[in-house]
Amino acid sequence: MKKSFQILLPFDRHGHLREVNTLMPEVLIHSLKSFWGMVVMPNTAIPITDYESAVRYREEIKTLSNKYGFGGNFLPVMTGYLTDNTNPENVKSGFLNGAWKAMKLYPHGATTNSDKGVTKLEKIFPVLEMMQKIGMSVLVHPETDVSRSDIPFMDRERVYTEESLFLIHERFPELTISVEHISTREAMEFVEWCPDNVVGTITPQHIMYTHDALFHNGVPPFKPGLYPENMCLPILKTQDDVNYIRNAIMHGERRYKFGAGTDTAPHTQTAKKENCSRCGVFNASHAVEFYTMIFDQEGMLNDEKGIQTFQNFMSVNNLWIYGIKEFPTEMITLVKEDQQIPEIYPGDIRPFKAGQTIPWTMKRELIK
Ligand code: DOR
Ligand code: ZN
């Protein structure tokens, strides 16, 4: 068994950085250390609904990256937030002038800061039509909206897949779609079944834990309790879903369609304790190690072929949908060496697997 190996510096295809006057100064540093860029989600306190706001948000991220000494080494890929009233002309101008690369579809009220999300798919058909024409990608939060709150949380992604993902793809067959933070067998099968313009992102939490982890911390013996730090949307699913996703990204014929998107989504510990409905897992600090653990558990890191699959998943797959064709040549080293995850980070942020010891450590030259 290998004690260490190298891969190209990873790219986070899905992350939340919050606002510069809230948690961004505390959380950004973790992503800077492990990734060369991030597809930045637009569900900020005031959502990023026009490209001018995306440009300002990108400047804030860049200013802070510079301050932390990462300057030109970090690429924030900006996205916009679709609403019922999104102006197709603004979307198009922002795409053509490079302000943003994709739009995010939040079904109304489906998750954090999605109150301005889309109430009916038909309302955004003109925008999707235009995006299809200009080659701009749509990223989908694949869960039903609040008008369907009768649907159990465990089923929201399956129902959305059946009712809406197929519909979007059938209506706009050439549109590039990324199904975000997939948590079910059905959404995976949808992506695998579609042609290559439909891809997906995968978080560590959705392939490490099942919904049971809402009631224990993942370390045997599993003592019952409530673990808001494992609360995220889509909700963690079943062992069958976990097994299916793991197999598809490691061995599936269509594994090249799936890439790492951490969905790192910080909330303060205080807010999470007060209200378990603050959904989001903060995993940016050790996300690369979490994915490594998962691939290692499946025996993928014992030979070059498996490591190549891992590298593609972390650093290569799907970046084309943002127009990224060239990657930095910097390598990181993963060493089979225990490390302990802190209980809490500055900003009152409790990380995923807080206080636990994990068997892999990432080393990067840039970090002294
Ligand atoms: O768990 C989640 N947290 N899922 C989302 O879709 C949004 C995110 C957040 O912004 O906190
Ligand atoms: Zn997210």
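Residues numbered from 1 in each chain as written. Chains lettered and ligands numbered in written order. Predicted model: local features only at pLDDT ≥ 70, side-chain atom pairs only at ≥ 80, totals over all residues. Heavy atoms only, no water.

Colleague: Any chance you could break down the sheet that holds strand β7 (residues 177–179) for me, citing the residues and the numbers?
Modeller: Strand order in the open sheet made by the eight strands is β2-β3-β4-β5-β6-β7-β8-β9, with parallel pairing throughout. Looking along the sheet, the strands with just one partner apiece sit at the ends: β2 (12–15) and β9 (258–260). Pairwise comparison of adjacent strand axes, ignoring direction, gives a mean angle of 30° for this sheet. With four bridges joining them, strand β5 (residues 102–105) and strand β6 (residues 137–140) adopt parallel strand pairing. What sits directly across from K104, in β6, is L139. (Pairing = 2+ DSSP bridges. Helix = DSSP H or I, 4+ residues; strand = E, 2+ residues; numbered from the N terminus. Axes fitted to C-alpha atoms, helices over the stretch in contact; angles between N-to-C directions.)

Colleague: I'd like a description of the site of ligand 1, backed by residues and values.
Modeller: In the vicinity of ligand 1, 13 residues are found, and the nearest of them are R18, N43, T111, L233 and H267. Residue T111 places a side-chain N or O atom 2.9 Å away from an oxygen atom belonging to ligand 1. Here ligand 1, which alone exposes 290 Å², has 99% of that area covered by the protein. In this structure, ligand 1 is accommodated by the largest cavity. Partitioning the shell around ligand 1 into residue classes produces four nonpolar, seven polar and two charged. (Near = heavy atom within 4 Å. Polar contact = N/O pair within 3.5 Å; in protein donor to acceptor, adjacent residues only side chain to side chain. Areas by Shrake-Rupley, 256 points an atom, 1.4 Å probe, with all protein chains shown as cover. 1 Å grid on protein atoms, 1.4 Å probe; cavity = no way out; pocket = protein on both sides within 12 Å on 5 of 7 lines; lining within 4 Å. Sits in = over half its atoms within 2 Å of the grid points. Nonpolar A, V, L, I, M, F, W, Y, C, P; charged D, E, K, R; others polar.)

Colleague: Can you tell me about helix α4 (residues 125–134), naming the residues and giving the values?
Modeller: Because an α-helix packs 3.6 residues into every turn, residues spaced three or four apart end up facing the same way. By the burial criterion, the buried members of α4 are F125, V127, L128, M130, M131 and Q132. Looking at the buried side of α4, the elements it contacts are α3 (88–96), β5, β6 and α5 (156–171). At the exit of α4 stands G135, carrying a positive phi of roughly 80°. (Buried < 20%, exposed > 50% of the residue type's maximum accessible area, 1.4 Å probe, protein only. Contact = heavy atoms within 4.5 Å.)

Colleague: Run through the environment of L121, naming residues and quoting values.
Modeller: Summarising the element assignment, L121 is placed in the loop between β5 and α4. It is 8.6 Å that separates the C-alpha atoms of L121 and D84, two residues lying 37 residues apart in sequence. The residues touching L121, leaving out its near neighbours within four places in the chain, are L105, Y160, S164, L167 and I168.

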